[in-house]
Amino acid sequence: MLKKDKQKVLGEVFDDERVKSFLDVESYGDINTDYLALLRAYRGMKIENFETFITYFVEAEKDLNAIGPEGKSLLQEISGHRHAEQYAKALKNAGAR
């Protein structure tokens, strides 16, 4: 959810370089960097960009099943989200469990 002092960015261009930039994540604390990259992509991308990101993520040999701070993978985490069906499908199609 956006804070009131933040404006939503509309029409942001997600070319291949922008999508790939989501692979470069610095973790904080004990959070798994692969989980964090997936989470940020899920939160920040439309489904078509997320599917492209997943392709790059797998090509970079990153872990689709990385565990987050709640002890769940991103797929497990978003399974109950109201608008996450396509994102979950993209993760499953790429091999997430």
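This text goes with the structure placed above it.
Let me begin by describing the structure that accompanies this report. On a predicted model such as this, the values are computed, not experimentally measured, just so you know. (Residues numbered from 1 in each chain as written. Predicted model: local features only at pLDDT ≥ 70, side-chain atom pairs only at ≥ 80, totals over all residues. Heavy atoms only, no water.)

**What about unusual backbone geometry?**
For step 1, the next point in the chain: The phi dihedral of Glu61 falls on the positive side, at around 60 degrees, and the residue is not glycine.
For step 2, the next point in the chain: By the element assignment, Glu61 lies in the loop between helix 3 (47-59) and helix 4 (74-78). (Helix = DSSP H or I, 4+ residues; strand = E, 2+ residues; numbered from the N terminus.)

**Some thoughts on the environment of Asn32**
For step 1, the next point in the chain: Relative to the helices and strands, Asn32 is located in the loop between helix 1 (16-21) and helix 2 (33-44).
For step 2, the next point in the chain: For Asn32, a relative accessible area of 30% puts it in the partly exposed group.
For step 3, the next point in the chain: Through-space distance from the C-alpha of Asn32 to that of Ala66 is 6.8 Å; in sequence the pair is 34 residues apart.
For step 4, the next point in the chain: Separated by 2.7 Å, the side chain of Asn32 and the backbone nitrogen of Asp34 make a polar contact.
For step 5, the next point in the chain: Here Tyr35 takes part through its backbone nitrogen, which lies 3.1 Å from a polar atom of the side chain of Asn32. (Buried < 20%, exposed > 50% of the residue type's maximum accessible area, 1.4 Å probe, protein only. Polar contact = N/O pair within 3.5 Å; in protein donor to acceptor, adjacent residues only side chain to side chain.)

**What to know about the pattern of salt bridges**
For step 1, the next point in the chain: Counting across every chain of the model gives 1 salt bridge.
For step 2, the next point in the chain: In this structure, Lys62 engages Asp34 in a salt bridge whose closest nitrogen and oxygen atoms are separated by 3.9 Å. Of this pair, Lys62 sits in the loop between helix 3 and helix 4 while Asp34 sits in helix 2, placing them 28 residues apart in sequence.
For step 3, the next point in the chain: Classification of Lys62 by relative accessible area gives partly exposed; the value is 29%.
For step 4, the next point in the chain: Its relative accessible area of 14% is what places Asp34 among the buried residues. (Salt bridge = Lys/Arg side-chain N within 4 Å of Asp/Glu carboxyl O.)

Just geometry here; none of it tells us what the structure is for.
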